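So the chains spell out like this:
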Amino acid sequence: MSRDPVPSGSTALLTDHYELTMLQAALADGTGDRASVFELFGRRLPSGRRYGVVAGVQRALDAIEAFRFTDEQVDFLRSEQIVDDRTADWLASYRFGGDVRGYPEGEIYFEHSPLLVVEGTFAEAVVLETVLLSIYNHDAAIASAASRMTWAAGERPCIEMGSRRTHEEAAVAAARAAYVAGFASTSNLEARRRYGVPTGGTSAHSFTLLHDTERDAFVSQVESLGAGTTLLVDTYDIAEAVRTGVEVAGPGLGAVRIDSGDLADLAHRVRAQLDDLGAKDTRIIVTSDLDEWAIAGLASAPVDGYGVGTRLVTGSGKPTCGLVYKLVARADDAGTMVPVAKKSADKASVGGRKTAHRRLDASGSATAEVVTLDGSPSDGRDLVVPLVSAGEVVGRESLDASRERHARARAELPIIARQLQPGDPVIPTEHPS
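As a starting point, this report considers the structure included with it. (Residues numbered from 1 in each chain as written. Predicted model: local features only at pLDDT ≥ 70, side-chain atom pairs only at ≥ 80, totals over all residues. Heavy atoms only, no water.)

1. A closer look at the packing of helix α11 (residues 238-249) against helix α12 (residues 263-276)
Working step 1: Direction vectors running N to C along α11 and α12 enclose 35°, while the axes themselves pass 10 Å from each other. The interaxial crossing formed by α11 with α12 has right-handed handedness. Contacts from Ile238, Ala239, Val242, Arg243 and Val246 of α11 reach α12 at Leu266, Val270, Gln273 and Leu274.
Working step 2: The residue inventory of the contact of α11 with α12, partitioned by class, reads 7 nonpolar, 1 polar and 1 charged. (Axes fitted to C-alpha atoms, helices over the stretch in contact; angles between N-to-C directions. Helix = DSSP H or I, 4+ residues; strand = E, 2+ residues; numbered from the N terminus. Left-handed = near helix turned anticlockwise from the far one by under 90°. Contact = heavy atoms within 4.5 Å. Nonpolar A, V, L, I, M, F, W, Y, C, P; charged D, E, K, R; others polar.)

Okay, structure coming up:
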């Protein structure tokens, strides 16, 4: 029997071994065909965080579409005796045919928010656990950190510059997630090619060191890129570099970048010097291990933009969101859907298929996250939308739409959400007990 061609870039083996051992046992005892509902959620926000940001939704939809086993992968699973022949044959024709609902990308989430609800047979839904958690835990962590940074930056743009501080594929995903949460651009070219994230970049210290003098380096850069370029001015002496840069590019020099030292003090000094030299419109960009606290600390400095790297791509101290993927309902022997839940200490879950709403007050400010069992009445803005219907992706949207959604959702939060110090979630979650 022929089967549909497997998409290039299969995601099927981006999973844990135990997914397939569970699958094999469930197919053997007949429970693999039971209708099931899985929920991806977080029992709590990362310690001290006031809110989280949903990111990775579109990447997850791509992963579901590409979750098809190639002939080579099936042969590998047989030869390594990871699964038996029956299970290998089942995997050879696998294609997710169920439904997925969830929070759209860019939305804010809180404790117990049902970020993703996956419905299908146990067999077809359980194997998606690891790849979905990998995407959501990483991308939401980056977006949550990026949201705090862009809020601290206000109207000043943030530039993502963390590619060299993380895995090469994580760097692409991080650039995308940061853009959803308000970053203006990235240094990562693959993020531009793959997702359309705006990119920018000029030069590093090595370019200055390559030339016999700093002036030679600046002349070369300006001749190549134009006077609107950004000159890196802290290789040697910053004041001398600023003077040389304006002499070379003229008062229309686009920007200077400072990558070391006391950034606030240096920004004031450089601003005064640029103004004295007639370069009043030349911007000042600062980099050097920035995070949301450093950005907030520079609010009163004459800084025009921030380049953020290491702290962003590592989630600013919270590199994962602690999201989990749990079975919350399944069919019994009669075919009736029944709720199921863990009762483990500190890891209890709430059974039943759920949806969620955000309750707003008369001014449009969020007051509660309301998680209800499907069919229960609730007030507030609907948070859960269709993403996959009968195996077909229906929730595609542009990156700009996700970015705009985040700005709207964040604006609904009470003003206390802007605070960077550790605290409880900014609004409570009401959920079935």
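2. Thoughts on the pairing of strand β11 (residues 305-308)
Working step 1: Residue alternation in β11 divides its side chains into two sets, Gly305 and Gly307 and Tyr306 and Val308, and both sets are buried.
Working step 2: Strand direction decides the pairing type here: strand β10 (residues 283-286) and β11, joined by 2 bridges, are parallel. Residue Val286 lies in a different strand from β11, and its bridge partner there is Tyr306.
Working step 3: In this region the chain leaves β10, passes through helix α13 (residues 292-297) and returns to the parallel neighbour β11; the handedness of that crossover is right-handed. (Buried < 20%, exposed > 50% of the residue type's maximum accessible area, 1.4 Å probe, protein only. Pairing = 2+ DSSP bridges. Right-handed = clockwise from strand over helix to strand, strands pointing away.)

3. Structural notes on the packing of aromatic side chains
Working step 1: Enumeration according to the criterion identifies 7 aromatic pairs in this entry.
Working step 2: An angle of 80° between the planes, with centres 6.0 Å apart, marks the rings of Tyr51 and Trp151 as edge-to-face. One end of the pair, Tyr51, is in the loop between β1 (35-42) and β2 (52-53); the other, Trp151, is in helix α6 (residues 129-153), and 100 residues separate them in sequence.
Working step 3: On the basis of relative accessible area, Tyr51 is assigned to the buried category, the value being 5%.
Working step 4: Measuring from ring centre to ring centre gives 6.4 Å for Phe69 and Tyr94, while their planes differ by 85°; the resulting arrangement is edge-to-face. (Phe/Tyr/Trp six-rings, centres within 6.5 Å; stacked < 30°, edge-to-face > 60°.)

4. Points about the sheet that holds strand β18 (residues 392-393)
Working step 1: Strand order in the open sheet formed by 7 strands is β13-β12-β1-β5-β3-β17-β18, and the pairing between neighbours is antiparallel. Edge positions in the sheet fall to β13 (337-339) and β18, since each of these pairs with one other strand and no more.
Working step 2: As paired strands, strand β17 (residues 385-389) and β18 are joined by 2 bridges and run antiparallel to one another. Pairing of Val388 across the sheet is with Val393, part of β18.
Working step 3: Sheet strands touched by helix α2 (residues 57-65): β3 (99-102), β17 and β18. Its angle to β17, the strand with the most contacts, is close to 15°.
Working step 4: Docked against the sheet, α6 engages β1, β5 (116-121) and β12 (323-331), running at close to 140° with respect to β12.

Note that every value here comes from positions in space, so none of it alone points to a role or purpose.
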